[in-house]
Amino acid sequence: MVRSGLDVGWRLALTGLAWLAGIGWQLQQAQVWPVRLDGGLLAAALALAAVACGLASWRRVRESALAGGAIWIAVVAAAGLLGAATTDLRAHGRLADALDPALEGQDLLLTGVVASLPHAGPSGTRFNFEVESARRLGRASTEATSIEAAPKLPATVSLGWYLNDHDEALLANPRTELRAGERWRLPVRLKRPHGSMNPEGFDVELWWWEQGVRANGYVRVVQGWSAAERLDTQVGHPVERLRQALRDAILRHLSDPRLAGIIAALVVGDQAAIEREDWELFRNTGIAHLMSISGLHITMFAWVAGAGVGWAWRRSARLMLHLPAPQAARWGGLAVATAYALLAGWGVPAERTLLMLACTVLLRSLGARWPFALVLLAAAVVVTLFDPWALLQAGFWLSFAAVGLLLASEGAGSRAVDGGSVSGWRDRIRAQWQGHLRSQTVATLGLAPLSLVFFQQLSIVGFLANLVAIPLVTLLITPLALLGVLFAPLWTGAAWVVQWLVTGLGWLAAWPMAVWAVPAAPLWAQCSGLAGALLGVMPWPWRLRAAAVPLMLPLLWPAAPRPAEGQFDAVVADIGQGTAVLIRTREHLLVYDAGPQYSRESDAGQRVLLPLLRARGEHQVDLLMLSHRDIDHVGGAASLYKALPVLDTSSSLADDHPLLQGRPHRRCEDGQSWLWAGVRFDVLHPTPAEHAAAQKPNAVSCVLKVTDAQGRSLLLTGDIEAAQETALLQRHAAELSSHWLLVPHHGSRTSSSVAFLDAVRPQRALVQAGYRSRFGHPAPDVVARYDARQIEVVRTDRCGAWMWHDGATSCTREVRRRYWHWNSAPEGANAGANVAKNPVRGEDQR
């Protein structure tokens, strides 16, 4: 029986979708499957494929429509099982490359090669390091001593070489000379990849997993220890060496580091060179995809290079006899685009786009005239064959959706120029401009739901910004920046255009309602919005496309979850070593502390709290309570003040503190009390006299008790110590009892006295502490104190963000658990090595 092209196309599409579905199924697993199960899945897939081939070889079966359908069902099932099994086996391989928990916090001496472009910042330098050999360091002498067999380490580790707060001279000289391709011997401490885990937050552990980084750490330079030593200057990684040389040349040539960083990002893909404020501007105006080496740049480069190769090829009759000019143009464009992607660091977006282009070029070269939707699906299969975890990246869906939407919406009008129906240069320019407008409209409207799904925000001014920025960046700035490699003064021209563009973007970003932010929508609303976007851009009658509006409404205006009258929700955020708690009543939001400042260029407010607040649909903070002035409690406050309206502030900070200037503020004092929607708030500490007599900030930490209408309560204690706990017992012994306790001072030995715990009697004790905190929080003897009273200790470094909502508690790390996420070490695997002491400051000191 002869199969129609349409019939075969649908069956190929189903097979490709089954492959993707099998991978997607595996990516939802909290743990990898046993290897024997993978073997069973592979055997089942091969058996189904064998059955399909056997049936297809029989003529009588081939002529039967029913049997033909059974063959394709077997093929589709085999593809799904194959996708799931191969992905799981690859996951086993990556897990086997993990750092042994027993090596966490141990002093190691690594020999290896700088394998990536070093990213320097105000706080230090980060880079990937290919490990060639390793041994433990002993303390008996100033020299390294091998005390046992060489430890097994991951092939690639991510290292930081940081400036030390107390003695920058120890680190400054060697780290500034670090270059890609050099061999170094470095004393380091490592830990398994572990990042913050918050609702709807960025999964940095997945990002490390995709990069193949299976351990993080930092270079240790301490007097009396073996110093870092450069062993060779040019060992390998020639592309990375070239990228660093070009980046350094750009930074030397352009006096403005802000503009130089943007040009470097466009030439060599160094996105870390772009300043944080600029990234925020690009995101708010919807052009962030243009300021990194994205699929658009790679495709543009392939198109321009292909046109050039095709033009040159047609000049030679001999070359055209060997290979037709269109074929040469396709393969030449692909080759040049590959070189550009290598120069740009071979990032995941560039790799994904190149695979898509390669798939398209190969199919065209083989004479296959597939519908472009099927070509896109084939490209997606090829991409996931190399990187199955790409399915979890927003860029994967945005890239394919952008191309798919433009093709699906293409009509006769958009093909007028190619079809020759437009004559005259003026008409041609008008038609091309109309095509640009149409493409931008389709991309803006069609991708808006994906932006809301992935980022919970949409740039209202993005249409106007992209209308100007896309041709400006792709046709002027990027070509000038790349030609500057050959003639450096062109970098000055590119920087001038960038300056003009940034000025215009700043004007757009200042518009009212420039960014539309929504809460994270439920799954059904996301599916409805995506269906509406697809319907809205299809070239169908307007009466049918009008149905897109009601389909998109649940995604555009999702209802933000709010507690009932007399109840409150609580989120104890996972912000590392510091404190930040969200308390939400039916009508008000209180933020208790703003988390730490991680470095000179980032803090918990910007990295954790603002994304968390936006995902929860919070547009203002009714009260920001800053317990005391320590940087791990107020480090993120400036970012909150800058990004959101903060209606009131309560704190123990001095009136002249920089954070309070020009803002409404009241001092937190014992006896203050208020009621929000049936939820009672009581400040229990400090008193005015304690404010006046305090010798250190911890002593005047604001202590707040939150109680709902049913008597359930949460006690927030800041960094109070034993003396303040005693004072609380003297004044409020009967009022301290609470269901949940934010453990004082992160579990330090200075706090959690026996009498205080007996008075509070919490069901759960919540500890906000960093993973492998240099302060040793929570201290083991303090934890033992809680255990002795059967009080469950919940740690954010193990639980992620702890949440109380609608009568139930949950740990974000358990809710979002996937096999690539950090898992607690086996019992006793790292006994006695829970803390990596700071090289300069001792354990548990502030």
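So, here is what we can say about the structure in this document. (Residues numbered from 1 in each chain as written. Predicted model: local features only at pLDDT ≥ 70, side-chain atom pairs only at ≥ 80, totals over all residues. Heavy atoms only, no water.)

### A look at the overall build of the protein
The secondary structure content of the protein amounts to 31 helices and 26 strands. Across the protein, contacts joining residues at least 24 apart in sequence account for 71% of those joining residues at least 6 apart. Accessible surface, the protein: about 38100 Å² in total, of which carbon and sulfur atoms supply 61%. (Helix = DSSP H or I, 4+ residues; strand = E, 2+ residues; numbered from the N terminus. Contact = heavy atoms within 4.5 Å. Areas by Shrake-Rupley, 256 points an atom, 1.4 Å probe, with all protein chains shown as cover.)

### Side note on the sheet that holds strand β19 (residues 679–685)
One open sheet accounts for seven strands, arranged β18-β19-β20-β21-β22-β23-β24; its pairing is mixed. Whereas interior strands pair on both sides, the edge strands pair on one side only; in this sheet they are β18 (673–676) and β24 (792–795). Put simply, the sheet's adjacent strands are angled 20° from each other on average, direction ignored. Relative to strand β23 (residues 764–767), strand β22 (residues 740–742) runs parallel, the two sharing three bridges. Following the sheet pairing, leucine 742 is matched in β23 by leucine 766. Each of β19 and β20 (703–707) touches helix α27 (residues 722–732); the most contacted strand, β19, lies at about 120° to it. (Pairing = 2+ DSSP bridges. Axes fitted to C-alpha atoms, helices over the stretch in contact; angles between N-to-C directions.)

### Thoughts on the environment of leucine 377
Relative to the assigned elements, leucine 377 resides in helix α14 (residues 372–386). Judged by its relative accessible area of 14%, leucine 377 falls in the buried class. For the pair leucine 377 and methionine 356, spaced 21 residues apart in sequence, the C-alpha separation works out to 9.4 Å. Ignoring sequence-local partners within four residues, the contact set of leucine 377 consists of Ala13, Gly16, Leu17 and Leu20. (Buried < 20%, exposed > 50% of the residue type's maximum accessible area, 1.4 Å probe, protein only.)

### Topic: the sheet that holds strand β12 (residues 589–592)
Taken together, the eight strands give an open sheet; going across it, the order is β17-β16-β15-β12-β11-β10-β25-β26, and neighbouring strands pair in mixed fashion. Two strands lie at the open edges of the sheet, namely β17 (666–667) and β26 (808–811), each paired on one side alone. Note that strand β10 (residues 569–572) and strand β25 (residues 802–805) share three bridges and pair antiparallel. Pairing of alanine 570 across the sheet is with tryptophan 804, part of β25.

### Things to note about helix α7 (residues 238–253)
If you check α7, its first and last C-alpha atoms are 22 Å apart, about what 16 residues at 1.5 Å a residue would give, namely 22 Å. Where α7 is concerned, the buried positions are Glu240, Arg243, Gln244, Leu246, Arg247, Asp248, Ala249 and Ile250. (Expected span 1.5 Å × (residues − 1).)

### Quick word on the nonpolar core
Formed by 51 residues in total, the largest nonpolar core has its most connected members in Ile263, Phe282 and Met291. Elements with a contribution of two residues or more to this core: α7, α8 (257–268), α9 (276–284), α10 (295–314), α12 (325–343), α13 (348–365), α18 (462–483) and α19 (489–509). Formed by 30 residues, the second largest nonpolar core is a distinct cluster that contains Ala13, Leu377, Leu391 and Tyr819. (Core = buried A, V, L, I, M, F, W, Y, C linked by side-chain atoms within 4.5 Å.)

### Observations regarding the packing of aromatic side chains
Any two aromatic rings considered together are summarised by their centre-to-centre distance and by the angle between their planes. Enumeration over the complete set of coordinates arrives at 17 aromatic pairs. Through pairs of rings, three or more aromatic residues link up here, namely Trp209, Trp389, Tyr819 and Trp820. Across from the ring centre of tyrosine 641, 3.9 Å away, lies the NZ or CZ of arginine 663, which sits over that ring. (Phe/Tyr/Trp six-rings, centres within 6.5 Å; stacked < 30°, edge-to-face > 60°. Lys NZ or Arg CZ within 6 Å of the ring centre and 35° of its normal.)

### Describing the pattern of salt bridges
This model, assessed by the stated rule, comprises 27 salt bridges. For glutamate 132, the salt bridge identified is with arginine 183, shortest N-O distance 2.8 Å. Here the residue glutamate 132 occupies a position in strand β3 (residues 124–136), and arginine 183 occupies one in strand β5 (residues 183–191), the gap between them amounting to 51 residues. For arginine 183, a relative accessible area of 22% puts it in the partly exposed group. One salt bridge in this structure joins arginine 817 and glutamate 814, with 3.0 Å as the shortest N-O distance. Sharing partners across several salt bridges, the network here consists of Arg179, Arg247, Asp248 and Asp270. (Salt bridge = Lys/Arg side-chain N within 4 Å of Asp/Glu carboxyl O.)

### As for unusual backbone geometry
In this structure, the amide linkage connecting histidine 685 to the following residue, proline 686, adopts the cis form with an omega of 0°. Following the sequence through the fold, proline 686 ends up in the loop between β19 and α26 (688–693). Of note, the bond from histidine 777 into proline 778 is cis; its omega dihedral lies within 30 degrees of zero at -10°. Secondary-structure assignment places proline 778 in the loop between β23 and α29 (780–788).

### So, the state of the cysteines
With the rule as written, the count across this model stands at two disulfides. Disulfide pairing places cysteine 668 opposite cysteine 702 at an S-S distance of 1.9 Å. Residues cysteine 668 and cysteine 702 share a disulfide whose torsion about the S-S bond is about -75°; that sign makes it left-handed. Highlighted residues: cysteine 668 in the loop between β17 and β18 and cysteine 702 in the loop between α26 and β20, separated in sequence by 34 residues. Residues cysteine 668 and cysteine 702 agree in their burial class; the two are buried. Each disulfide pairs two cysteine sulfurs, and for cysteine 799 the partner residue is cysteine 811, the sulfurs being separated by 2.1 Å. (Disulfide = S-S within 2.5 Å.)

### Notes on the packing of α7 against α8
α8 packs onto α7 with a crossing angle of 155° between their chain directions and a minimal axis gap of 9 Å. Considering their axes alone, α7 and α8 lie roughly antiparallel with respect to each other. Considering the relative orientation of α7 and α8, their crossing is right-handed. The segment α7 lies against α8, with Arg243, Leu246, Arg247, Ile250 and Leu251 engaging Ala260, Ile263, Ala264, Val267 and Val268. Tallied by class, the residues present in the contact of α7 with α8 amount to eight nonpolar, no polar and two charged. (Parallel < 35°, antiparallel > 145°, perpendicular 65-115°, else oblique. Left-handed = near helix turned anticlockwise from the far one by under 90°. Nonpolar A, V, L, I, M, F, W, Y, C, P; charged D, E, K, R; others polar.)

### Re the side chain of aspartate 278
Relative to the helices and strands, aspartate 278 resides in helix α9. Residues within four places of aspartate 278 in sequence aside, it is in contact with Arg258 and Ile262.

### Quick word on helix α20 (residues 523–537)
With 15 residues, α20 extends 22 Å between its outermost C-alpha atoms, agreeing within 8% with the 21 Å of an ideal straight helix rising 1.5 Å per residue. Buried within α20 we find Ala525, Ser528, Gly529, Gly532, Ala533, Leu535 and Val537.

### Concerning the pairing of β10
Side chains Asp569 and Val571 of β10 all project onto a buried face; the interleaved residues Ala570 and Val572 project onto the opposite face, where all are buried too. The pairing of β10 with strand β11 (residues 581–584) spans four bridges and is classified as antiparallel. Among the inter-strand pairings, valine 571 is bridged to a residue of β11, identified as leucine 582.

### Re the pairing of strand β1 (residues 107–114)
Counting buried positions over the eight residues of β1 gives eight, a clear majority of the element. In terms of strand pairing, β1 meets β5 through seven bridges, oriented antiparallel. Note that in β5 the partner of glycine 112 across the bridge is tryptophan 184. Where β1 lies against β3, seven bridges are found, and the strand directions are antiparallel. Looking across to β3, one finds that threonine 111 is bridged to serine 133.

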